[in-house]
Amino acid sequence: MQKRMNKLIQERIHDPYYEDKKYPEGTVCPRCGAICEEGRWVWPEDKSKKSNSEEEILCPACKRIRDKYPAGIVSLSGSYLWSHKEEILNLVNNIIEEERKRSPLKRLINIEERDGAIVLSFTNDKLARRVGESIYRAHKGEIDIKYPEEEKFVSVFWHRDEESKEEIT
Ligand SMILES: [Zn+2]
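Residues numbered from 1 in each chain as written. Predicted model: local features only at pLDDT ≥ 70, side-chain atom pairs only at ≥ 80, totals over all residues.

Caption draft 1: Structural context of the packing of helix α4 (residues 85–102) against helix α5 (residues 125–139). Their axes nearest at 10 Å, the elements α4 and α5 cross at an angle of 145°. Between α4 and α5 lies a crossing of right-handed hand. Touching Ile88, Leu91, Val92, Ile95 and Glu99 of α4 are Leu127, Arg130, Val131, Ser134, Ile135, Ala138 and His139, all from α5. (Axes fitted to C-alpha atoms, helices over the stretch in contact; angles between N-to-C directions. Helix = DSSP H or I, 4+ residues; strand = E, 2+ residues; numbered from the N terminus. Left-handed = near helix turned anticlockwise from the far one by under 90°. Contact = placed C-beta atoms within 7 Å.)

As structure tokens, this is what we get:
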């Protein structure tokens, strides 16, 4: 039993949620319409294309969305965030939109306010990282990126407080 559990954990780490799995050529995801072509998931040019796979196979991103199993988390906090919320969320939305158009596998799973922070979860670690780094570049503050070596998972924390006048003088 113990051995089996270990094996499951191992598989979870080394097969990062089916991204490396081989899908039958021409599989169309019933949820988002992405198609597997030459081993890669792409948005189809012809949207009326039917899946040539008998069973319904979700693409890896839709699987993560269904299971709420992110590959990356970005947590935003600090008083500066709340006074610049609209600006920051616009930046985030632009990146999400751009990356989603580029690849069906790079998508937002969820965004929520939790304990004074805005927490975003993504289907792709690089997308999470790009969102965090873009905010940091545009708005400064502090960033902390945790990338466990074994796993394809990233936690990004960004924080900035409003500088008060008393602190400066
Ligand atoms: Zn899909």
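That shown, we press on.
Caption draft 2: Looking closely at α5. Here α5 spans 21 Å end to end across 15 residues, near enough to the 21 Å set by a 1.5 Å rise per residue. Turning to α5, its buried residues are Asp125, Leu127, Ala128, Arg130, Val131, Gly132 and Ile135. Lining the buried residues of α5 we find β3 (72–77), α4, β5 (117–122), β6 (142–146) and β7 (154–159). One or two steps after α5, the chain reaches lysine 140, where phi turns positive at roughly 55°. (Expected span 1.5 Å × (residues − 1). Buried ≥ 20, exposed ≤ 12 C-beta atoms within 10 Å, placed from the backbone.)

Caption draft 3: Focus on the sheet that holds β7. An order of β4-β5-β3-β7-β6 is seen for the 5 strands of this open sheet, with the pairing classed as mixed. Of all the strands in the sheet, just β4 (108–114) and β6 have a single pairing partner and so form its edges. Within this sheet the neighbouring strands show an average axis-to-axis angle of 15°, counted without direction. By the bridge criterion, 6 bridges tie β4 to β5 in an arrangement that is antiparallel. Counted as the bridge partner of glutamate 113 is isoleucine 118 from β5. (Pairing = 2+ DSSP bridges.)

Caption draft 4: Main features of the environment of aspartate 144. Considering the arrangement of structural elements, one finds aspartate 144 in strand β6. The exposure class of aspartate 144 is exposed, given the 11 C-beta atoms found within 10 Å. Here the alpha-carbon distance between aspartate 144 and serine 75, two residues 69 residues apart in the chain, equals 9.9 Å.

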